[in-house]
Amino acid sequence: MSPEEKFIENFKKNRNSFLPEYIELVNRHFPTEEEKFLFEWGAPAHRAHKNNWGEPTNQNRGGEIVMAILLGDTISPTRSGADAYDSKGRGLEYKSTTGEKLQGTYNGISNKDSWAEQEKYLREEKIGKYHKHKFSLMRRGFPEEVWELSGKKVLDILIPKVKRQFYALQEKLEKGNIPADPRFGVTLTEEEITKNGVKII
């Protein structure tokens with residue numbers, strides 16, 4: 001095991017173990033709380049740009065970078081497509097929440113003209129194209145727990161939910177009720193994730 005791997009393994013077990021020494025170092029060099037904050041805000045941005053990980057302050061990019069490091073994945077350099085890749089180069093989808101319960105939300109799903117087109121889009125472009133979907137419950141910037149589901153299993157759960165929304169939208173359109181945002185949004189609940197997934201952290 002390399003020093004880097006050993007550090008990450010120890011960090012997974014107790015991420016607070018290094019904090020007292022780190023806080024003492026920061027306090028010694030930066031006297032005000034404002035200076036401490038600016039230093040700690042800038043450091044991850046510098047590290048992310050140096051390694052082509054993308055902008056950590058963009059939506060949940062910082063959380064995705066932390067996830068990829070702890071899980072041994074490779075973070076995607078862009079915000080489009082997969083969030084990360086596994087050791088075989090297969091695309092991964094990350095979902096995280098800071099709420100009370102674990103969940104994974106899929107918003108902004110484009111609607112198609114027919115259900116056949118809609119299902120094809122879900123399977124080949126939006127959800128099914130990712131080999132694994134990883135769901136994390138975040139606490140203080142780090143995953144408290146992470147669950148993993150296959151893309152196929154996620155599709156099995158979400159397709160019926162999207163289908164109901166698809167036909168509900170068709171009814172509205174037939175009546176002339178055009179929503180301001182006709183895209184779909186569905187959620188995997190904590191029960192669905194833990195019942196069908198594997199806990200990896």
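Our structure is the block above this text.
Being a predicted model, the structure only gives us computed values, none of them experimental. (Residues numbered from 1 in each chain as written. Predicted model: local features only at pLDDT ≥ 70, side-chain atom pairs only at ≥ 80, totals over all residues. Heavy atoms only, no water.)

1. A short note on a nonpolar patch on the surface
Consideration 1: A contiguous nonpolar surface patch, about 380 Å² in accessible area, is contributed by Phe-37, Leu-38 and Trp-41.
Consideration 2: The exposed category is assigned to Trp-41, whose relative accessible area is 51%. (Patch = residues over 30% accessible without salt bridge, like charges linked within 9 Å, V, L, I, M, F, W, Y side chains within 5 Å. Areas by Shrake-Rupley, 256 points an atom, 1.4 Å probe, with all protein chains shown as cover. Salt bridge = Lys/Arg side-chain N within 4 Å of Asp/Glu carboxyl O. Buried < 20%, exposed > 50% of the residue type's maximum accessible area, 1.4 Å probe, protein only.)

2. Quick notes on the packing of aromatic side chains
Consideration 1: If you walk through the whole model with that rule in mind, you get four aromatic pairs.
Consideration 2: Both rings, one in Trp-115 and one in Tyr-167, keep their centres 6.5 Å apart while their planes meet at 40°; by these two values the pair is tilted. Of the two residues, Trp-115 is situated in helix α5 (residues 115–126) and Tyr-167 in helix α6 (residues 151–174); the sequence distance between them amounts to 52 residues.
Consideration 3: Its relative accessible area of 11% is what places Trp-115 among the buried residues.
Consideration 4: Grouping aromatic residues by their ring pairs yields a cluster made of Trp-115, Phe-166, Tyr-167 and Phe-184.
Consideration 5: We note Lys-112 situated over the ring of Tyr-121; from NZ or CZ to the ring centre the distance is 4.5 Å. (Phe/Tyr/Trp six-rings, centres within 6.5 Å; stacked < 30°, edge-to-face > 60°. Helix = DSSP H or I, 4+ residues; strand = E, 2+ residues; numbered from the N terminus. Lys NZ or Arg CZ within 6 Å of the ring centre and 35° of its normal.)

3. Concerning the nonpolar core
Here is a general trend for soluble globular proteins: nonpolar side chains tend to be buried in one another's company.
Consideration 1: Grouped together as the largest cluster of nonpolar side chains are 23 residues, with contacts concentrated most on Tyr-106, Ile-109, Leu-122, Phe-135, Val-154 and Leu-188.
Consideration 2: Elements represented by at least two residues in this core include exactly β4 (104–109), α5, β5 (132–139), β6 (142–150), α6 and β7 (184–188).
Consideration 3: Broken down by element, the residue count for this core peaks at eight residues, all from α6.
Consideration 4: Not counting the four nearest positions on each side in its chain, Val-154 is found in contact with Tyr-106, Ile-127, His-133, Phe-135, Leu-149 and Leu-188. (Core = buried A, V, L, I, M, F, W, Y, C linked by side-chain atoms within 4.5 Å. Contact = heavy atoms within 4.5 Å.)

4. A look at the pattern of salt bridges
Consideration 1: Summed over the entire model, instances satisfying the criterion amount to 12 salt bridges.
Consideration 2: Lys-95 serves as the salt-bridge partner of Glu-93, at 3.3 Å between the closest nitrogen and oxygen. With respect to burial, Glu-93 and Lys-95 carry one shared label: buried.
Consideration 3: Salt bridges sharing common partners tie together Asp-73, Lys-132, Lys-134 and Glu-148.

5. What about the environment of Lys-88?
Consideration 1: When you line up the elements, Lys-88 lands in the loop between β2 (84–85) and β3 (91–97).
Consideration 2: Along the primary structure Lys-88 and Asp-73 are separated by 15 residues, whereas in three dimensions their C-alpha atoms are 9.8 Å apart.

6. Considerations on helix α4 (residues 61–71)
Consideration 1: Buried residues dominate α4, accounting for nine of its 11 residues.
Consideration 2: Looking only at α4, the buried set comprises Arg-61, Gly-63, Glu-64, Ile-65, Val-66, Met-67, Ala-68, Leu-70 and Leu-71.
Consideration 3: Trailing α4 by a residue or two, Gly-72 shows a phi angle of about 75°, which is positive.

That is the geometry; function is a separate question.
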